[in-house]
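Each chain is listed here by its residues.
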Amino acid sequence: QVQLVESGGGLVQPGGSLRLSCAASGIIFRLNVMGWYRQAPGSERELVASITTGGSTNYADSVKSRFTISRDNAKATVSLQMNSLQPEDTAVYYCNLRRPGYVTNYWGQGTQVTVSS
């Protein structure tokens, strides 16, 4: 059974930083693309960042230069370092695991990030 468990969300002031982590189990982690998505109230879920099996990264324009995604295949974890957080970054953040060309597609339960003074 595949499980993705996120941690690291919380309340932070504008300009602050948070680090999200996602631990995967029940699957061969290194074969899968990992991503972070977010969903704000009243909005659709959107891609924040992704990282391929080879380590190539992709970011939403709104987070480029502020967020950094990384993965540790040995620990089966993916992290999202978020710096210079702004109120518009407030959302529930979801970890995603997928394998291109396969039906493999899993989601974590989500972790709340709130940026407010």
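Novice: Account for unusual backbone geometry, naming residues and giving values.
Specialist: Although it is not a glycine, Ser 65 adopts a positive phi angle of roughly 75°. Of note, Ser 65 is situated in the loop between strand E6 (57-59) and strand E7 (67-72). According to the relative accessible area criterion, Ser 65 is exposed, its value standing at 80%. Phi at Ser 84 takes a positive value of approximately 50°, unusual for a residue other than glycine. As for its placement among the helices and strands, Ser 84 is situated in the loop between strand E8 (77-82) and strand E9 (91-98).

Novice: Explain the sheet that holds E8 to me, using residue names and the numbers behind them.
Specialist: Taken in spatial order, the four strands line up as E1-E3-E8-E7 in an open sheet, and their pairing is antiparallel. The strands lining the two open edges of the sheet, one partner per strand, are strand E1 (3-7) and E7. Between one strand axis and the next, the sheet turns through 15° on average, direction left out of account. Examined bridge by bridge, E1 and strand E3 (residues 18-25) share five bridges and lie antiparallel to one another. In the strand pairing of E3, Leu 4 is matched with Ala 24.

The rules behind each value
- Residues numbered from 1 in each chain as written.
- Predicted model: local features only at pLDDT ≥ 70, side-chain atom pairs only at ≥ 80, totals over all residues.
- Heavy atoms only, no water.
- Helix = DSSP H or I, 4+ residues; strand = E, 2+ residues; numbered from the N terminus.
- Buried < 20%, exposed > 50% of the residue type's maximum accessible area, 1.4 Å probe, protein only.
- Pairing = 2+ DSSP bridges.
- Axes fitted to C-alpha atoms, helices over the stretch in contact; angles between N-to-C directions.

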